[in-house]
Amino acid sequence: IASNSKNYIAGLRYSINPQLTFSGSTGITDISTGGRGKLINANLDYLGERYSVSFTAGRNSSPSDIGQFQESDSIAANYNYLVSDKSSVGADFFISKNNASVNNFNINGANVENKSMRFGGYYARELTPSLQMRVSVSAQQNKSDNQKADGEVVGLFFTYNTPEF
C-alpha cells in the first residue's frame with residue numbers, strides 16, 4: 001500500500017534579546033491511508049561572544065509500514081566554543097523515542113518502540129575560506145523492544161563551499 005503525506009505547519013521566530021532567540025512551529029501531518037499526526041518543534045538559541053548554545057525539542061509524524069504512521073519525539077542540545085578565528089570545539093547530545101504502528105506479514109497491529117541516544121564531541125577548523133575540516137567522536141545507543149545496539153563513531157569530514165554557486 002502506498003501512502004502520501006501532507007504537512008500543514010505554522011511557526012514563528014522571536015528575538016528575546018540580541019543574544020537569545022526562540023523559534024517554534026506546530027502543525028499536522030495528514031497521511032492518505034487514514035492517519036493524522038502532530039508536528040511540534042521548539043528551538044532556543046543563545047549566541048555569546050565566543051560560544052553558542054542551542055536546545056531543540058520536537059514531535060514529528062510520518063508514514064511508516066503498510067498504511068500506518070510513526071511518531072517521533074526528540075530532544076537535542078549543542079554547545080560550540082570558538083577557540084580562534086579559524087577553529088572551534090563543541091559537544092552535542094540527542095535523544096529520541098519512536099512509536100510505530102506495525103502491520104506487516106510478521107507482526108499484525110503491534111506497536112514498536114525504538115529509543116536512540118547519542119553524545120559526541122567535535123573539533124572544526126577552517127583550512128581555507130572554502131575548505132573546512134571536522135573531526136568528530138560520538139557514542140550511540142539504540143534500543144528496540146528486547147534488542148540493543150551500542151557503538152562509537154569516529155569521523156573525519158571535509159566540506160568544500162563554492163561561494164559563487
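Presented here is an overview of the structure given in this document. (Residues numbered from 1 in each chain as written. Predicted model: local features only at pLDDT ≥ 70, side-chain atom pairs only at ≥ 80, totals over all residues. Heavy atoms only, no water.)

1. Some points on the overall build of the protein
Scanning the protein for helices and strands turns up zero helices and nine strands. N-terminal to C-terminal, the α/β element order of the protein is β-β-β-β-β-β-β-β-β. Looking at the 165 residues of the protein, the share that counts as buried comes to 22%. Considering only residue pairs separated by 6 or more positions, the protein has 39% of its internal contacts joining residues 24 or more positions apart. On the protein, roughly 11200 Å² of surface is accessible, and the fraction owed to carbon and sulfur atoms is 55%. (Helix = DSSP H or I, 4+ residues; strand = E, 2+ residues; numbered from the N terminus. Buried < 20%, exposed > 50% of the residue type's maximum accessible area, 1.4 Å probe, protein only. Contact = heavy atoms within 4.5 Å. Areas by Shrake-Rupley, 256 points an atom, 1.4 Å probe, with all protein chains shown as cover.)

2. Details of the packing of aromatic side chains
Following the criterion strictly, the structure yields two aromatic pairs and no others. An angle of 35° between the planes, with centres 5.9 Å apart, marks the rings of Tyr 46 and Tyr 51 as tilted. Take Tyr 46: its relative accessible area is 31%, and that puts it in the partly exposed class. For Tyr 51, a relative accessible area of 32% translates into the label partly exposed. Looking at Arg 134, its charged tip hangs above the ring of Tyr 122, at a distance of 3.7 Å from the centre. (Phe/Tyr/Trp six-rings, centres within 6.5 Å; stacked < 30°, edge-to-face > 60°. Lys NZ or Arg CZ within 6 Å of the ring centre and 35° of its normal.)

3. Regarding the pairing of strand 9 (residues 147-160)
Counting buried positions over the 14 residues of strand 9 gives one, only a small fraction of the element. Note that strand 8 (residues 131-144) and strand 9 share 14 bridges and pair antiparallel. Within the sheet, the bridge partner assigned to Gln 132 lies in strand 9 and is Thr 159. Between strand 8 and strand 9, which follow one another and run antiparallel, lie two residues, and Asp 145 among them has a positive phi close to 50°. (Pairing = 2+ DSSP bridges.)

4. Digging into the pattern of salt bridges
In total, this model carries four salt bridges according to the counting rule given. One salt bridge connects Arg 59 with Glu 71, and the closest N-O pair in it is separated by 3.7 Å. On the criterion of sequence distance, the pair formed by Arg 59 in strand 4 (residues 51-64) and Glu 71 in strand 5 (residues 68-82) is long-range, its members being twelve residues apart. Measuring nitrogen to oxygen at the nearest pair gives 2.6 Å for the salt bridge that ties Arg 59 to Asp 73. Residue Arg 59 is located in strand 4, and its partner Asp 73 is located in strand 5; the two are separated by 14 residues in the primary sequence. (Salt bridge = Lys/Arg side-chain N within 4 Å of Asp/Glu carboxyl O.)

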